[in-house]
Amino acid sequence: MKKAAQAHRSSGAARDGEMNALIRKDSSISSSCVLCSPTENTCSDCQLSLQRMSSAVRTAVTIAVGCIFGIAIYKSSVYRVDILRAQFSFRCNVMLKVFLSGTAVSTMVLAILHRISDPNVLKAETGALKNRFGAPAVILGGMCLGTGMFLSGACPGTLAAQLGSGNIAKGSVTLLGALTAVAFVTLFDKRLRTFVEWGNFTKGHPNRLTVSGMLYGDSDDARVNTGVILAMVLALVVGLVDFLSPGFGELQPTDVIGQWNPIVCGIIIGSLQLPLMLVCGSTVGSSGAYSVLLGCLALPCRKILPAKIFDSLNSPLQLVYLASAALVVLVAAHEFSNRLRTAPFPYAPEELQLWQSYVGGFLALFGSRLAGGCTSGHGISGAGYLRVKSYLAVASMFGGGCLTAYIMQHV
């Protein structure tokens, strides 16, 4: 373990140095402009134009990715309360198929991109592998997330699609619970930090330990080979799940027609890592958008509220991503319902009670912040990076959801 950790530290330092060198190289290349003299530095107007163009491209890609994500969630039907809840009793495995196929593709994509010496890819990897959260916080946060998912019938990513599908009344209550959790964690960040960082078994290391790092040392070859093998194993597992539990399993909703194969939807979601990393220097994740939304809603009271509530406004693209998903689902759900009669619009889950919506929304976001990631942040991206703590978070999430399902159904 000690040798693996030393290899992990040296590899992380080497890749950080490589990223800085690439950024310096990129800056030197862009220091001359076709509109200016090739022997002089770029003028301030040209620098501003390049920055605006880069920002516009990232925004456009984020909107496109958000729209694709929303359609994939909607057409898989995993946004529905009954389907998501049934996953935790394994009566319907649609969510598991989407999740496993998305993680498999994400793992493969991230392994391949690891070989590319691109500044945006290295930026995403450096950010994704920063080390802070201890194992107890990850496990407890994952369990809270799973409990919140069962109660509200949504996770931070699918809530956007649920709102877009017309579940405004109860979905808004879930959103209110989520924003309450974000405000609570933000305001009490210093008090929670001691627990969050307690039990961090990789404390002092530049990066989080990964499966490949623990087993073989975190060399590039070990990282890529382990990622490819794990992606293939996940693909076999999701194929087995689909064979044993085809379609909606024991759950047979009568108001859903024309659902896409959830494995296809998962493949689409996992593939979104490619444009996000290459263009935006980020990975798939949803929970951060709620911090941005809270900051936006609190702007009228900026003078009287703590400044840290507005720190998230420096990363507005996370909100753009989820807002795009909600809007495209709104259009798609309306059109599919009216023209193709594939699903009811507006979607109104009768089995969901208001207290469940609020408490579930609170626990889902509180757990996400406590664990350092949500279903997509830990499951799609974190597991794709082979992070040990992400696997702990995913296992805890399913454990918390299954335990809550059992209690609600038998007690």
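Residues numbered from 1 in each chain as written. Predicted model: local features only at pLDDT ≥ 70, side-chain atom pairs only at ≥ 80, totals over all residues. Heavy atoms only, no water.

Asker: Before we go on, may I ask you to explain the overall build of the chain in this structure?
Answerer: The secondary structure content of the chain amounts to 18 helices and zero strands. Excluding contacts between residues fewer than 6 apart, the proportion of contacts in the chain whose partners are at least 24 apart in sequence is 83%. About 18,600 Å² of surface is accessible on the chain, with carbon and sulfur atoms providing 66% of the total. (Helix = DSSP H or I, 4+ residues; strand = E, 2+ residues; numbered from the N terminus. Contact = heavy atoms within 4.5 Å. Areas by Shrake-Rupley, 256 points an atom, 1.4 Å probe, with all protein chains shown as cover.)

Asker: Explanation requested: the environment of Pro346 in the structure shown.
Answerer: Structurally, Pro346 can be placed in the loop between α15 (317-340) and α16 (354-371). Taking C-alpha positions, Pro346 is 9.8 Å from Gln162, a pair spaced 184 residues apart along the chain. Discounting chain neighbours no more than four positions away, the residues touching Pro346 are Ser165 and Gly166.

Asker: Can you help me understand the packing of helix α8 (residues 168-187) against helix α14 (residues 288-297) in this one?
Answerer: Helix packing for two helices is described by the angle between their axes and how far apart those axes are. The N-to-C vectors of α8 and α14 enclose an angle of 90°; their axes lie 9 Å apart at closest approach. When the interaxial angle is binned, α8 and α14 end up roughly perpendicular. Taken together, the residues of α14 that come into contact with α8 (itself represented by Leu175, Ala178, Leu179, Val182 and Ala183) are Tyr290, Ser291, Leu293, Leu294 and Leu297. For the contact of α8 with α14, a count of residues per class yields nine nonpolar, one polar and no charged. (Axes fitted to C-alpha atoms, helices over the stretch in contact; angles between N-to-C directions. Parallel < 35°, antiparallel > 145°, perpendicular 65-115°, else oblique. Nonpolar A, V, L, I, M, F, W, Y, C, P; charged D, E, K, R; others polar.)

Asker: For this particular structure, what's the right way to read the side chain of Gln273?
Answerer: By secondary structure assignment, the location of Gln273 is in helix α13 (residues 273-280). Each residue touching Gln273, except ones within four places of it in the same chain, is listed here: Ser106, Val109, Leu110, Thr283, Val284, Ile380 and Ser381.

Asker: Whenever I open this one, the pattern of salt bridges confuses me. Can you help?
Answerer: As a working rule, side chains carrying opposite charge can pair if their charged atoms are close by. Counted by the stated rule, this structure contains four salt bridges. The closest approach of N and O atoms between Asp82 and Arg80, which form a salt bridge, is 3.0 Å. In this pair, the class of Asp82 matches that of Arg80, namely buried. (Salt bridge = Lys/Arg side-chain N within 4 Å of Asp/Glu carboxyl O. Buried < 20%, exposed > 50% of the residue type's maximum accessible area, 1.4 Å probe, protein only.)

Asker: Please clarify how the nonpolar core should be interpreted in this entry.
Answerer: Of all hydrophobic cores here, the largest spans 80 residues; its most connected members are Phe69, Met149, Tyr290 and Phe398. Excluding residues within four positions of it along the chain, Phe398 makes contact with Gln87, Phe88, Met95, Leu96 and Phe99. Within the second largest apolar cluster, eight residues are counted, among which are Val105, Val109, Leu113 and Met277. (Core = buried A, V, L, I, M, F, W, Y, C linked by side-chain atoms within 4.5 Å.)

Asker: I'm lost on the side chain of Arg85 in this one. Help?
Answerer: By secondary structure assignment, the location of Arg85 is in helix α3 (residues 81-87). The buried charged residue Arg85 lacks any salt bridge partner; its closest oppositely charged side chain belongs to Glu351, at an N-O distance of 5.6 Å. Looking at Arg85, its side chain comes within polar contact range of the main-chain oxygen of Leu151, at 2.7 Å. When neighbours within four sequence positions are excluded, Arg85 is seen to be in contact with Phe150, Leu151, Gly153, Glu351, Leu352 and Gln356. (Lys, Arg positive; Asp, Glu negative; His and termini not counted. Polar contact = N/O pair within 3.5 Å; in protein donor to acceptor, adjacent residues only side chain to side chain.)

Asker: What's the story with unusual backbone geometry in this structure? I'm lost.
Answerer: Apart from glycine, the bulk of residues carry a negative phi angle, and the bulk of peptide bonds sit in the trans form. The backbone of Ser77 shows a phi angle near 70°, a positive value even though the residue is not glycine. Considering the arrangement of structural elements, one finds Ser77 in the loop between α2 (44-76) and α3. The buried category is assigned to Ser77, whose relative accessible area is 4%. Backbone geometry places Phe90, a non-glycine residue, at a positive phi of 60°.

Asker: I'm lost on the packing of aromatic side chains in this one. Help?
Answerer: The relation between two aromatic rings is expressed through the spacing of the ring centres and the mutual angle of the planes. Counted by the stated rule, this structure contains ten aromatic pairs. Aromatic pair Phe362 and Phe366: ring centres 6.0 Å apart, planes at 10°, arrangement stacked. Taken together, the positions of Phe362 and Phe366, both in helix α16 and four residues apart, correspond to about one turn of that helix. What makes Phe362 partly exposed here is its relative accessible area of 23%. Judged by its relative accessible area of 14%, Phe366 falls in the buried class. In textbook terms, an aromatic cluster arises when at least three aromatic residues are bridged by ring pairs, as seen for Phe184, Phe188, Phe362 and Phe366. (Phe/Tyr/Trp six-rings, centres within 6.5 Å; stacked < 30°, edge-to-face > 60°.)

Functional significance is not addressed by these values, which are geometric in nature.
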